[in-house]
Each structure stands twice: as C-alpha cells, then as structure tokens.
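Inside the fold
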Amino acid sequence: MFKKKKGSQRIDSLIGHGTQFDGELRFSGGLRVDGIVTGNVVAVDAQHGTLVVSEKARIDGGVRATHLILNGEIAGPIEVSHYVELQPKARVHGDLTYKTLEMHPGAVIEGRLIPLEGARMVTPAEVADGVD
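Presented here is a report on the structure given in the accompanying data block. (Residues numbered from 1 in each chain as written. Predicted model: local features only at pLDDT ≥ 70, side-chain atom pairs only at ≥ 80, totals over all residues. Heavy atoms only, no water.)

**Observations regarding the nonpolar core**
In this structure, Val41, Leu51, Leu68 and Leu86 are the most contacted members of the largest nonpolar core, which totals 27 residues. Of all elements in the fold, only β3 (25-27), β4 (29-33), β6 (41-43), β7 (49-53), β9 (63-70), β11 (78-86) and β13 (96-103) reach the threshold of two or more residues within this core. Not counting residues up to four positions away in its chain, the partners in contact with Val41 are Leu25, Phe27, Leu31, Leu51, Ile59, Gly62, Val63 and Arg64. (Core = buried A, V, L, I, M, F, W, Y, C linked by side-chain atoms within 4.5 Å. Buried < 20%, exposed > 50% of the residue type's maximum accessible area, 1.4 Å probe, protein only. Helix = DSSP H or I, 4+ residues; strand = E, 2+ residues; numbered from the N terminus. Contact = heavy atoms within 4.5 Å.)

Now the structure itself:
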C-alpha cells in the first residue's frame, strides 16, 4: 500500500520552533525539525530514519535519511535511501539523491536529481489511487 512508502509516522525527537542546533545531528527513528539546524543531519539506523522538516524549518548542511518529508528548506546535499516527499513549500538548495520521489506543485529544487539504482517516480495516478 502507498502509505508504507512514507515510512514511520512516529516521531521520537523534536527540534522545536525557535530552537537552533549547531553541529552534526544523528538520530534514529523519527525526527521532526521545526527550528533551525546548522550542520549535517544523519539517520544512524539504515532502515528506520524518518526526517520531517516543517514549513518554517531550515537545515543548513547535508541530510542522510531513509525517508524524508520536506515542507521547509534544506541547503546542502540530500541522500534518501527510500522515499522523499517534497510538499508545496519545500525548498532544496543542493543535489537530491533518492529512490522514490513524490513532488507536489510549488516545491523547488535548485540542484540535480540523482536516482538511486531501482529508483522510480510516483505518478499522480498512483497518489490518487493509493497504489504502490
């Protein structure tokens, strides 16, 4: 089913609005960023590393995760081993490496899209149908 591609909806850690973190941030499980992170954000668990970046959030650094749901801004290279959802206010300034990509109208990428081996785009029909 389509929802499985988005990864775990469970959030284990939160960088709240108004919070700024400087340095490399390593996480496992789910991380939601509502504030600002200056430095790399890395999922330490290759199977369960879901990163959610909200509309007003910003990451200045590289990102490595299993799943990424982005509605804010990332300035740096991004590598997502499974599923990326770029929501309408998403802004990417750097290269995006992905396996499966869903991009909503309004999302902007200033960089290259680099598919991993076996990568594919999710079509609007699949989103509407909820098909894998």
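Next comes the rest of the account.
**Some details on the environment of Glu102**
Relative to the helices and strands, Glu102 is located in strand β13. Judged by its relative accessible area of 6%, Glu102 falls in the buried class. Sequence-wise, Glu102 and Ile69 are 33 residues apart; in three dimensions their C-alpha atoms are separated by 9.5 Å.

**Details of the sheet that holds strand β8 (residues 58-60)**
Pairing is parallel across the open sheet formed by six strands, whose spatial order is β2-β5-β8-β10-β12-β14. Two strands bound the open sheet, and with one partner strand each, they are β2 (20-22) and β14 (108-110). Put simply, the sheet's adjacent strands are angled 5° from each other on average, direction ignored. When β2 meets strand β5 (residues 36-38), the two strands line up parallel, connected through three bridges. The partner of Asp22 across the bridge, within β5, is Thr38. (Pairing = 2+ DSSP bridges. Axes fitted to C-alpha atoms, helices over the stretch in contact; angles between N-to-C directions.)

**Quick notes on the pairing of β7**
Consecutive side chains of a regular strand alternate in pointing toward one face of the sheet and then the other. Burial analysis of β7 places five of its five residues in the buried class, the great majority of the element. By the alternation rule, side chains of β7 split into Gly49, Leu51 and Val53 and Thr50 and Val52, which are all buried.

**Some words on the pattern of salt bridges**
The tally for this structure, following the rule as stated, stands at seven salt bridges. We note a salt bridge from Arg26 to Glu24, for which the minimum N-O separation is 2.8 Å. Classification of Arg26 by relative accessible area gives exposed; the value is 51%. One salt-bridge network, held together by shared partners, links Arg58, Asp60 and Glu73. (Salt bridge = Lys/Arg side-chain N within 4 Å of Asp/Glu carboxyl O.)

Shape is all these values report; function is a separate question.
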